[in-house]
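# Structural features, examined
Each chain, letter by letter, is given below.
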Amino acid sequence: MPSAEMDHVRVVLDRHREAIKARYRALGTGIGRRSSRDPTLVVVVYLQSEKDRPSGPQFIEDVPLKFEVTGTIHLL
């Protein structure tokens, strides 16, 4: 059963997905955990390059953003 936290993060991501992608030149977005030791839910922002990673913590409506550099994504 989805938690209230998951529901909140999903709503925030749905509301801001296009703005996040444009602001950070993101290849995509998703929902994940802050780390293996910290179960806080975050919006994961997939970047093509390290140069696109912002400095300092970033939040959207108090939901933390986590940035992962994936490089170019190719559809199979």
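Figured I'd write up the structure that's included with this text. (Residues numbered from 1 in each chain as written. Predicted model: local features only at pLDDT ≥ 70, side-chain atom pairs only at ≥ 80, totals over all residues. Heavy atoms only, no water.)

### Some words on helix H1 (residues 4–24)
What counts is decided by this rule: Two axes define the bend at a residue: one fitted to the seven residues ending there, one fitted to the seven starting there, and the bend is the angle between them. Starting at the N terminus, helices and strands are each numbered in turn, a helix being any DSSP run of H or I of at least four residues and a strand any DSSP run of E of at least two. Throughout, exposure labels follow a simple rule: accessible area from a 1.4 Å probe, protein chains only, divided by the maximum for the residue type, with under 20% read as buried, over 50% as exposed, and the rest as partly exposed. Should any heavy atoms of two residues lie within 4.5 Å, those residues are considered in contact.
Bending of H1 peaks at approximately 65° at the position of His16. For H1, every residue scored as buried is listed here: Val9, Val12, Leu13, Ile20 and Tyr24. Tucked into the core, H1 has its buried residues touching strand E1 (26–33), strand E2 (41–47), strand E3 (59–60) and strand E4 (63–69).

### As for the pattern of salt bridges
Put simply, the rule is: Think of a salt bridge as a Lys or Arg side-chain nitrogen and an Asp or Glu carboxyl oxygen that are within 4 Å of each other.
Applying the stated criterion across every chain, the model contains seven salt bridges. The residue Arg10 makes a salt bridge to Asp7 at a minimum N-O spacing of 3.4 Å. With Arg10 and Asp7 both in helix H1, this residue pair falls three residues apart, about one helical turn. Judged by its relative accessible area of 36%, Arg10 is partly exposed. Overall, the relative accessible area of 36% leaves Asp7 in the partly exposed class.

### So, the environment of Leu47
Along the polypeptide, Leu47 turns up in strand E2. A relative accessible area of 0% places Leu47 in the buried class. Aside from chain neighbours lying at most four places away, what touches Leu47 is Tyr24, Ala26, Leu27, Asp52, Arg53, Phe67, Glu68, Val69, Thr70 and Gly71.

### A closer look at the nonpolar core
Just so we agree on the cut-off: Within this scheme, the nonpolar core is defined by two criteria: the residues are buried Ala, Val, Leu, Ile, Met, Phe, Trp, Tyr or Cys, and they are joined through side-chain atoms within 4.5 Å.
Ranked by internal contacts, the top residues of the largest apolar core, which has 14 residues, are Ile20, Tyr24, Val43, Val45, Leu65 and Phe67. Elements with a contribution of two residues or more to this core: H1, E2 and E4. If you tally residues by element for this core, the top one is H1, at five residues.

### Quick look at the side chain of Thr29
Short version of the rule: The definition of a polar contact used here is a pair of N or O atoms within 3.5 Å, where within protein one atom must be able to donate a hydrogen and the other to accept one, and adjacent residues in sequence count solely through side-chain atom pairs.
Assignment of secondary structure puts Thr29 in strand E1. Reaching out from Thr29, the side chain makes a polar contact with the side chain of Arg17 at a distance of 2.9 Å. Dropping the residues within four chain positions of it, Thr29 is found in contact with Leu13, Arg17, Ile20, Lys21, Val44 and Tyr46.

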